[in-house]
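# Coordinate analysis (summary)
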Amino acid sequence: MTTSPVIELDAVGMTYRSRKETNTVLDGCTLSVGRGEFVSIVGHSGGGKTTLLRIISGLIHPTEGSVWVNGQHLDQSLSDMSMVFQKPVLLPWRNNLQNVLLPMEFRGRVTDTMRAYAMELLEMTGLKDTARRHPYELSGGMQQRVAICRALVSHPDIMLMDEPFGALDAMTRDSMNLELQRIWSETGRSILFVTHSIPEAVFLSDRVVVIGGKPGRVVADIAVDLPRPRTKAHRYTPEFYEYEQQISELIGAKESIA
Amino acid sequence: MTDLHIPSPAKPHGGPALRDNARARTSRGAHRGPLAISIAGIAGLLALWELIVHTFDIPGYLLAGPWEALAEIAAAPGFYWQHSLMTLEASALGFGAGGVLGVICGAVIFYVPAIRHVLYPSLIAVNTIPKVAIAPLFIVWFGFGLESKSFVALSIAFFPLVISTFDGLASVPSELRELARINRASKWNQMRKIELIHCLPSIFTGMKISISMAVGGAVVGEFIAGNSGLGFVILVANSQVNLTSMFAAFICLAVMSLALFMVVDHLGRILLPWNVATSK
């Protein structure tokens, strides 16, 4: 699966300099994400996970090292990426279908094919009947599903997710995990997923990258060798528990298992 | 323009289906209650005013009762209507022009950092000068008449919209800007599809503040430059110690301000239904 990496980070570092102090957030981060792979990044809050994601998205530039996307330097890369944030950040004046189509509007004219694909995505996430409704008429979990559809509509090579289920209650979160696994297997996207929750990372991922220390470094890169599709029942197997424990110890005893 | 919207502290909460019901209720029935209460409240205050005038036997050169003032309007409806229209015209012109300028200014200040650094401090400094103090200057420039009055109204109505537009643009969630950047949106598309629409509720809040201030500005203009309008009526009534006429003009002003405010408020509800729904 790692034959042709879509993302490669080579010794990426990030240092914020102000007049008073220099603050190194990330240092020497090297990792890769294979095509169609689901990789999670876990670590302490404030440990640089989100910074790493923002570097890969091109929103900020690393002060050291380089990022390669599909074999091209990030600055020159024309590869499509999309992002799902912790909050759905949908536009309240647009209905859900229009929200999903927003990235396509940014790129140019919206064709019937695009509209059909957006509807398909909404159907896949069980939101077909709410296409003409507005985000405020939906629950938080449903809104986040619209945001995921929006992130898929442009057929991105890479989907970046920054704690997308962090604001949801535990039960909704569990069902969203199942759903994301299904969406991922149906669309075949490469996903880089930042989370606080170790069980969530183990449940969803092919690999879990642990960021630790100050400045943040890649402490471990653990392949999760559990059969797919994974179900709720997998969470209570000894193998699953072992992964959780291993990662938890790597992050440090201070952070309790979420 | 059916009611004065008074936000109710009780938030109906629940799933989508529940919320639909709640919405249907508020849009039809539930608002009638508060409207009745509002009218009863105003009537009560007027009655209290009338009562005070009578019980304490306050002489007519100190305070006129509302009944007397309303009778004065009823006796000369054409006179008060004409002068109200004059004030309304100056207020509307000042509010319209000041509002458009204010929104443009706020947007330019937000989008062009160079202009922000140069213009914003001086704008704030200029705004601290009381408009009443600048009003005579407008007479020098534009003479007696509608232009001067409108300019006083404009100068007052302008600033709230600069601030509210700027703040509205500044409060666009950073995630939305990042979303636009990740999708390689053009600056124009980012403005058109996200930022400018996102700041509309804030602009409407500014308009609600501005509209009443514009009426005040027009009246000040009439004090100084007027030979017509409610400000002029007040001035004349003052010189004649005719408090009944003065209070009649106050009532006209209050009704006009309230009506204008409600027009803006209602317009905001019609044009931005999503804002009503999300801020509930």
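Residues numbered from 1 in each chain as written. Chains lettered and ligands numbered in written order. Predicted model: local features only at pLDDT ≥ 70, side-chain atom pairs only at ≥ 80, totals over all residues.

Where we set the bar: UniProt positions are given in the numbering used here, feature names are shortened, and annotations may be inferred rather than shown by experiment.
The name an unreviewed UniProt entry gives chain B is ABC transporter permease, with Acrocarpospora macrocephala as the organism. Checking UniProt for chain B, the heading Subcellular location (unreviewed entry) contains the comment "Cell membrane". The UniProt entry for chain B carries this comment under Sequence similarities (unreviewed entry): "Belongs to the binding-protein-dependent transport system permease family."

Looking up chain A in an unreviewed UniProt entry gives the name ABC transporter ATP-binding protein, with the organism given as Acrocarpospora macrocephala.

### Thoughts on the UniProt feature "domain: ABC transmembrane type-1" (unreviewed entry) in chain B
Which entries qualify depends on this criterion: Helix and strand definitions follow DSSP, with helices as H or I runs of at least four residues and strands as E runs of at least two, each counted in order from the N terminus.
The UniProt entry lists residues 84-264 of chain B under the feature "domain: ABC transmembrane type-1" (unreviewed entry), expressed in the numbering used here. Secondary structure across residues 84-264 of chain B comprises 88% helix and 0% strand; the distance between its end C-alpha atoms is 19 Å.

### A closer look at the UniProt feature "transmembrane region" (unreviewed entry) in chain B
Residue and element names in this part refer to chain B. According to UniProt, the positions carrying the feature "transmembrane region" (unreviewed entry) are residues 33-52, 90-112, 124-144, 150-172, 214-237 and 243-264. For the annotated span residues 33-52, helix accounts for 100% and strand for 0% of the residues, and the straight-line distance between the end C-alpha atoms is 28 Å. Secondary structure across residues 214-237 comprises 83% helix and 0% strand; the distance between its end C-alpha atoms is 22 Å.

### As for helix H3 (residues 112-124) of chain A
Residue and element names in this part refer to chain A. Stated formally: A helix is expected to reach a length of 1.5 Å times the quantity of its residues less one. Each residue is classified by how many other C-beta atoms fall within 10 Å of its C-beta atom, where C-beta atoms are placed from the backbone; a count of 20 or more means buried, 12 or fewer means exposed, and values in between mean partly exposed. The reported arc concerns the directions from the helix axis to the C-beta atoms and nothing else.
The end-to-end C-alpha separation of H3 is 18 Å, in line with the 18 Å expected for 13 residues at 1.5 Å each. If you check which residues of H3 are buried, you get Met114, Ala118, Leu121 and Leu122. For H3, the angular spread of the buried residues around the axis is 100°, confining them to a single face. For H3, the exposed residues set more than 90 degrees away from the buried face come down to Asp112, Thr113 and Ala116. Just downstream of H3 lies glycine 126, where phi reads positive at about 75°.

### Quick word on the packing of helix H2 (residues 96-107) of chain A against H3 of chain A
Residues and elements named next belong to chain A. For the record, the criterion: Axes here refer to lines fitted to C-alpha atoms; in helices the fit is confined to the stretch in contact. Angles between the N-to-C directions go from 0 to 180 degrees. For classification purposes, angles smaller than 35 degrees are called roughly parallel, those larger than 145 roughly antiparallel, those between 65 and 115 roughly perpendicular, and all remaining angles oblique. Take the far helix as your reference; a near helix turned counterclockwise from it by less than a right angle gives a left-handed crossing, and one turned clockwise gives a right-handed crossing. For the purpose of contact definition, each residue receives a C-beta atom placed from its backbone, and two residues are in contact when these atoms lie within 7 Å. For this classification, the nonpolar set comprises Ala, Val, Leu, Ile, Met, Phe, Trp, Tyr, Cys and Pro, the charged set comprises Asp, Glu, Lys and Arg, and every other residue, Gly included, is treated as polar.
Closest axis-to-axis distance for the H2/H3 pair is 10 Å, and the angle between their directions is 125°. Taken together, the axes of H2 and H3 lie oblique to each other. The way H2 lies across H3 gives a crossing that is right-handed. In this structure, H2 uses Asn96, Leu97, Val100, Leu101 and Met104 to contact H3, whose residues at the interface are Met114, Arg115, Ala118, Met119, Leu121 and Leu122. Grouping the amino acids of the contact of H2 with H3 by side-chain chemistry returns nine nonpolar, one polar and one charged.

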